[in-house]
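Here is what each chain is made of, one letter per residue.
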Amino acid sequence: MKPQNMFGVVLWSDTAAQKAVIWCEDQGELAFYTPAEGSIHDAPVLDAGDLIRFDVIVQQNVRTARNLQVMMPSHSPDLPEKLRAGTPSSSSTTEPAKTPDTQKVVELAQYFDLDAPRKLACSG
């Protein structure tokens, strides 16, 4: 499958193992990153909240990120905590689900020149 260029935010990273989980701009499946064989020393250092650009490849129904470029380090360092805070814990009492607050949706287009129409490939 042909790689698709994408923007995303790092949700979790392990710098020692050089692994990361990425939230993608198309709001689809998360992408997983590990450096390719032979390029472990060329891999960028990623931290949660970094805004990145990458190629996404779907292999065996898993989105894999390659050719990462850090566009804005520490763009949203508190994003993982905000996402956890927005998720009800399993020990909480049952409450009706709240409708999402669309005012809190972050469009990546505001940070980049993304006014041109884009085609998205869907897996499945």
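For the structure itself, look to the data block above.
Chains are numbered independently. Their residues run from 1 in the order of the written sequence. With the structure being a predicted model, the display of local features is reserved for residues of pLDDT at least 70 and the display and counting of side-chain atom pairs for 80 or more, all residues being used for whole-chain, interface and lining totals. Hydrogens are left out, water is left out, and the side-chain values use all remaining heavy atoms of the structure.

The next point concerns the nonpolar core. Counting residues in each nonpolar core, the largest one holds 14 residues, and the members touching the most others are Ile 22, Tyr 33, Phe 54 and Leu 68. Strands here mean DSSP runs of E at least two residues long; helices mean DSSP runs of H or I at least four residues long; both are numbered from the N terminus. When contributions to this core are tallied by element, the ones reaching two or more residues are strand 1 (4-14), strand 2 (19-24), strand 3 (31-33), strand 4 (51-59) and strand 5 (62-72). The contact definition used throughout considers only heavy atoms, calling two residues in contact when any of these lie within 4.5 Å. Excluding residues within four positions of it along the chain, Tyr 33 makes contact with Gln 18, Lys 19, Ala 20, Ile 22, Ala 43, Pro 44, Leu 46, Ala 65 and Leu 68. Nonpolar cores were defined as sets of buried Ala, Val, Leu, Ile, Met, Phe, Trp, Tyr and Cys residues, with membership established by side-chain atoms within 4.5 Å. The rule is simple: take the accessible area with a 1.4 Å probe, protein chains only, and divide by the maximum for that residue type; under 20% is buried, over 50% is exposed, in between is partly exposed.

Looking now at the environment of Leu 79. Mapping Leu 79 onto the fold places it in helix 1 (residues 79-85). Leu 79 sits 31 residues away from Ala 48 along the chain, and the two C-alpha atoms are 7.7 Å apart. If sequence neighbours within four positions are ignored, Leu 79 has contacts with Val 9, Leu 11 and Trp 23.

On the surface, a cluster of nonpolar side chains totalling about 230 Å² of accessible area is made up of Leu 30, Phe 32 and Val 62. Residue position: Val 62 is located in strand 5. Within the patch definition used here, like charges are joined within 9 Å and nonpolar side chains (Val, Leu, Ile, Met, Phe, Trp, Tyr) within 5 Å, considering only residues with over 30% relative accessible area and no salt bridge. Areas reported as accessible are Shrake-Rupley estimates using a 1.4 Å probe. Residue values count occlusion only from the protein chains shown. Salt bridge, as applied in this entry: a Lys or Arg side-chain nitrogen positioned within 4 Å of an Asp or Glu carboxyl oxygen.

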